[in-house]
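What follows is each chain in one-letter form.
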Amino acid sequence: MAACFGPSAYIDYNIELSKIWQKGTVVEYQESFEELSNMVPGWPTNSLIGAFVGGLKEEIRIEVQSMRSLNLQDCFVIARMVEEKHRRYQVLGRGPNVVRPQGVAATSSEASPARATMGKPASRPIVRRLTPK
């Protein structure tokens, strides 16, 4: 509708852009964000980056923030890559979003390193004998 008649006089797109949140995929969020950001000329690049990153889902936002991107296009690409990484971890059954049945322990690679070495000498590996002495 905005393409036919232009921006609405009743909607403050600055407010809408500052309140946008990711609800679906990064691509869907990016499309909505770009549509709104095109309605608000004059926003500095740093403000657009902050608004985009701030609206991402937490597990994606944390990694995108750590990259310290200097332009919005890089933020879009990084966010899509992080989302894909999380999706693949879920498919493989690894990562923070994996739900385990009750009583199933984490694999040794997921156990905390501090707990794995607690009370054991570091230089001596654990050996399990298969035959009696």
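Residues numbered from 1 in each chain as written. Predicted model: local features only at pLDDT ≥ 70, side-chain atom pairs only at ≥ 80, totals over all residues. Heavy atoms only, no water.

(A) Structural context of the packing of helix α3 (residues 26-37) against helix α4 (residues 45-54). It is the contact of α3 with α4, at a shortest axis distance of 11 Å, that shows an interaxial angle of 145°. Here α3 and α4 pass one another in a crossing that is right-handed. Residue-level inspection shows Tyr29, Gln30, Phe33 and Ser37 of α3 in contact with α4, the latter providing Leu48, Ala51 and Phe52. Looking at the contact of α3 with α4 residue by residue, the classes come out as 5 nonpolar, 2 polar and no charged. (Axes fitted to C-alpha atoms, helices over the stretch in contact; angles between N-to-C directions. Helix = DSSP H or I, 4+ residues; strand = E, 2+ residues; numbered from the N terminus. Left-handed = near helix turned anticlockwise from the far one by under 90°. Contact = heavy atoms within 4.5 Å. Nonpolar A, V, L, I, M, F, W, Y, C, P; charged D, E, K, R; others polar.)

(B) Looking closely at the pattern of salt bridges. One pass over the full model with this rule turns up 3 salt bridges. Across the pair Lys85 and Glu63 runs a salt bridge, and its minimum N-O distance is 2.6 Å. Of this pair, Lys85 sits in helix α6 (residues 72-92) while Glu63 sits in helix α5 (residues 58-67); the two residues are 22 residues apart in sequence, bridging distant segments of the chain. (Salt bridge = Lys/Arg side-chain N within 4 Å of Asp/Glu carboxyl O.)

(C) Region of the structure containing the side chain of Gln22. Structurally, the position occupied by Gln22 is in the loop between α2 (13-19) and α3. Polar side-chain contacts of Gln22 include one of 2.9 Å to the backbone nitrogen of Lys57. (Polar contact = N/O pair within 3.5 Å; in protein donor to acceptor, adjacent residues only side chain to side chain.)

(D) Spotlight on α4. Among the residues making up α4, those that are buried are Leu48, Ile49, Ala51, Phe52 and Val53. For α4, the secondary structure elements touched by its buried residues are α2, α3, α5 and α6. (Buried < 20%, exposed > 50% of the residue type's maximum accessible area, 1.4 Å probe, protein only.)

(E) Broad picture of the nonpolar core. Counting residues in hydrophobic clusters, the biggest one holds 22 residues, and the most contacted among them are Phe33, Phe52, Leu56, Ile60, Val64, Leu72 and Ala79. Elements that contribute at least two residues to this core include exactly α2, α3, α4, α5 and α6. In terms of residue count, the dominant contributor to this core is α6 (6 residues). (Core = buried A, V, L, I, M, F, W, Y, C linked by side-chain atoms within 4.5 Å.)

(F) Structural context of the environment of Val82. With respect to the helices and strands, Val82 occurs in helix α6. A C-alpha to C-alpha distance of 9.0 Å links Val82 and Arg61, two positions 21 residues apart in sequence. For Val82, the residues in contact, after removing those within four places along its chain, are Glu59, Ile60, Glu63 and Val64.

(G) Quick look at the environment of Met67. Topologically, Met67 is positioned in helix α5. Spatially, the C-alpha atom of Met67 lies 8.2 Å from that of Ile78, the residues being 11 residues apart in sequence.

(H) Quick look at the packing of aromatic side chains. For the structure shown, the criterion picks out 5 aromatic pairs. Ring geometry for Phe33 against Phe52: centres 5.3 Å apart, planes inclined by 70°, an arrangement best described as edge-to-face. A residue pair is termed long-range when its members are at least 10 positions apart, and Phe33 in helix α3 and Phe52 in helix α4 qualify at 19 residues. Like Phe33, the residue Phe52 is buried in the burial classification. (Phe/Tyr/Trp six-rings, centres within 6.5 Å; stacked < 30°, edge-to-face > 60°.)

(I) Highlighting unusual backbone geometry. Its identity as a non-glycine residue notwithstanding, Arg68 has a phi of 55°, on the positive side. With respect to the secondary-structure elements, Arg68 resides in the loop between α5 and α6.

(J) The arrangement of α5 in detail. Of all the residues in α5, the buried ones are Ile60, Arg61 and Val64. Relative to the axis of α5, the buried residues are bounded by an arc of 100° and lie together on one face. Of the residues in α5, the exposed ones pointing more than 90 degrees away from the buried face are Glu58 and Ser66. Next to the buried residues of α5 lie α3, α4 and α6. Downstream of α5 by a residue or two, Arg68 has a phi angle that is positive, lying close to 55°. (Arc of directions from axis to C-beta.)

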